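What follows is each chain in one-letter form.
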Amino acid sequence: MLPAADLLRRLFTGDLGADPVETLIRTTGDWAIKLLVAGLLLTPLTRIARNPLPVRFRRMIGLYAFFYVCIHLTLYLAVDQGFVLHAIVKDILKRPYITFGMMAFLLLLPLAITSTKKMVARLGPKRWRQLHRAVYIAASFGVVHYYLLVKADITWPLIYGTILTAALGWRMWQAMPLHKTIRAGA
Amino acid sequence: MLIGKKSDIASSEITPKSLWLDRRRFITGAAALGIGVAFPRQDANAAALKFTKSALSTKGEVLTPQKDVTGYNNFYEFGTDKSDPAAYAGAMKTRPWTVEISGEVKRPMTLGIEDILKLAPIEERIYRHRCVEAWSMVVPWNGFSLSALINRVEPTSKAKFVEFTTLADSKTMPGLLFPYVDWPYREGLRMDEAMHPLTTLAVGLYGETLENQNGAPLRLVVPWKYGFKGAKSIVRIRFLERQPATAWNTANPSEFGFYSNVNPEVDHPRWTQAKERRIGDFFRRPTLMFNGYGDQVASLYRGMDLKAFF
């Protein structure tokens, strides 16, 4: 919540720079991807460090990421597009970076909705896990969205992409039969 | 006649030192290059300029506050954040400064900035400034028509294009380490575009000599084209027979054309150019053809397919 509080403070003190709307959209987007990627590192961290603490924050971080995604999206819809539906649809269809952004949001929506304990029970742990694997796709779309809109400096999209790949790679390695065999042997 | 406003230098938006260093560490894995300190502005750059008002100024626009004009910049030689140029460009030495003029001209010469300042009476030219990123400002430039300089060097009939080269000093420009564009930054104009009265050699803004982040001590301003055509901190001007390679066009030919005329009907491949955010406004506004200078420049492109020659 701190980034949001900081943005609010800066909004009222006029400290958002020459293009405040752009700053707000960029900063909320940045926190969304930061939190999303950080959330995906929690399970690996828990398993590697053999400490149950990190993974307990996973839902909270995921929901905060979604919170920033919502603000990010609302600013775009309201300020950039003035809630004009046909302009928004045109953007989604014609601008790949918006296509990817919108798809990322649509993937995160059901995940946010099914984040409660009740929902886990309703879906059953196996189905819930399968559904929530979509977070990797959503996060990837978020990185592509970012990559497609920078003019020349791909530093941060590349960084998030790399961390994301590492997190996903770790998961896949964990799931591989070879790895399971090695673990059983040890 | 001194009409200049009193210096309104607000504190620069300084990129936090740790943030700048971290970015580098990821990429190079090496210690930062010691560029962590925000350099103070050189006071030599804040000299007041005498100027007269120009008939070429654009009317009916609200000026963008000076702190935004000098604090929100794209000058990738100093970093890619909008606040980087104001924070780091202070390291650039703008005196002494010479501009080498050569190529298809009868009188090639090397001019010092002091000579350039005396080439023609300095005017205040208020122009719209439209970035390719779809934001815009209204800037009260101080300078004179580029044609004054061009007439001095007497281009031959072979001179069809003019090329401008920006300073590339690895000692003061950390951005040179990154291949955002093929350094040094080069831009170019067709001869008739360069001779057009609107095309300005700017040596100041808001009645003061240019700050480093705005392209001190002299830069190009071509108000009907996207802002990146306005090369900053010019050290060389060449007159050529053939169209020169330009920085952004070379870096990404499908996205940045040689002409880059402001055109709401020709979108950038990845984003639309139909609307822009005027700095200071909340909502976006429609972009104007030729940035609103169509009356004065459309004739230059009569018969030209502006989608093909974007």
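Remember, predicted model here, so these are calculated numbers, not experimental data.

With respect to the overall build of chain A
In step 1: If you tally the helices and strands in chain A, you get twelve helices and zero strands.
In step 2: Secondary structure elements of chain A, listed N to C terminal, follow the sequence α-α-α-α-α-α-α-α-α-α-α-α.
In step 3: Overall size of chain A, expressed as C-alpha extent along the three principal axes, is 60 × 40 × 35 Å.
In step 4: Taken across its 186 residues, chain A has 24% of its residues classed as buried.

Considering the overall build of chain B
In step 1: A count of helical and extended segments in chain B gives eight helices and 13 strands.
In step 2: Looking at chain B residue by residue over its 310 residues, the buried ones come to 46%.
In step 3: Within chain B, residue pairs in contact and separated by at least 24 positions form 73% of the contacts whose partners lie at least 6 positions apart.

A look at the interface of chain B and chain A
In step 1: Contact with chain B, which involves 19 residues of that partner, is made by 18 residues of chain A.
In step 2: Partitioned by chemical class, the residues of the side of chain B that touches chain A number ten nonpolar, two polar and seven charged.

A short note on the nonpolar core
In step 1: Counting 55 residues, the largest nonpolar core has Val 162, Leu 201, Ala 202, Leu 205, Leu 220 and Ile 234 of chain B as its most contacted members.
In step 2: Those elements that place two or more of their residues in this core are strand E2 (98–103), strand E5 (135–145), helix H5 (146–153), strand E6 (161–166), strand E8 (200–205), strand E10 (219–221), strand E11 (234–240) and helix H7 (247–251) of chain B.
In step 3: Apart from the residues within four sequence positions on either side, Ala 202 of chain B is in contact with Trp 141, Asn 142, Gly 143, Leu 210, Leu 218, Arg 219 and Val 221 of chain B.
In step 4: Counting residues in each nonpolar core, the second largest holds 27 residues, with Phe 66, Ile 98, Phe 100 and Phe 141 of chain A among its members.

A word on the sheet that holds E2 of chain B
Whether parallel or antiparallel, the strands of a sheet pair through hydrogen bonds between backbone atoms.
Residues and elements named next belong to chain B.
In step 1: If you walk across this open sheet you meet the five strands as E3-E2-E11-E6-E7, and the pairing is mixed. Among the strands making up the open sheet, the edge pair consists of strand E3 (109–112) and strand E7 (186–190). Averaged over all pairs of adjacent strands, the angle between their axes in this sheet comes to 15°, without regard to strand direction.
In step 2: Both E6 and E7 contribute to a ladder of five bridges, which runs antiparallel. Bridging from a neighbouring strand, Val 162 pairs with Leu 189 of E7.

A short note on the confidence of the model for chain B
Close reading of the predicted structure is inappropriate where its pLDDT is low.
Residues and elements named next belong to chain B.
In step 1: When pLDDT is averaged along chain B, the result is 88, and 85% of the positions lie at 70 or above.
In step 2: Note on residues 1–16: pLDDT under 50 across the span, and 36 contacts to partners over four residues away in sequence or across chains.
In step 3: Within the model, pLDDT remains below 50 along residues 24–45, and this stretch shows 30 contacts once partners closer than five positions in the same chain are excluded.
In step 4: ipTM for the predicted complex: 0.80, alongside a pTM of 0.83.

Here we look at the packing of helix H1 (residues 2–13) of chain A against helix H2 (residues 20–40) of chain A
Residues and elements named next belong to chain A.
In step 1: The N-to-C vectors of H1 and H2 enclose an angle of 175°; their axes lie 11 Å apart at closest approach. Here H2 runs roughly antiparallel to H1, going by the angle between their axes. Only Pro 20, Leu 24, Thr 27 and Trp 31 of H2 make contact with H1, whose side of the interface consists of Pro 3, Leu 7 and Leu 11.

So, the packing of helix H5 (residues 58–80) of chain A against helix H7 (residues 96–113) of chain A
All names here are of chain A.
In step 1: Viewed as axis vectors pointing N to C, H5 and H7 meet at an angle of 135°, and their least axial separation amounts to 11 Å. The angle between the axes of H5 and H7 places the two elements in the oblique class. Crossing of H5 over H7 shows left-handed handedness. Contacts between H5 and H7 pair Leu 63, Phe 66, Val 69 and Leu 73 from the former with Phe 105, Leu 108 and Ala 112 from the latter.

Calculation rules
Residues numbered from 1 in each chain as written. Chains lettered and ligands numbered in written order. Predicted model: local features only at pLDDT ≥ 70, side-chain atom pairs only at ≥ 80, totals over all residues. Helix = DSSP H or I, 4+ residues; strand = E, 2+ residues; numbered from the N terminus. Buried ≥ 20, exposed ≤ 12 C-beta atoms within 10 Å, placed from the backbone. Contact = placed C-beta atoms within 7 Å. Nonpolar A, V, L, I, M, F, W, Y, C, P; charged D, E, K, R; others polar. Core = buried A, V, L, I, M, F, W, Y, C linked by C-beta atoms within 7 Å. Pairing = 2+ DSSP bridges. Axes fitted to C-alpha atoms, helices over the stretch in contact; angles between N-to-C directions. pLDDT = per-residue confidence, 0-100. Parallel < 35°, antiparallel > 145°, perpendicular 65-115°, else oblique. Left-handed = near helix turned anticlockwise from the far one by under 90°.

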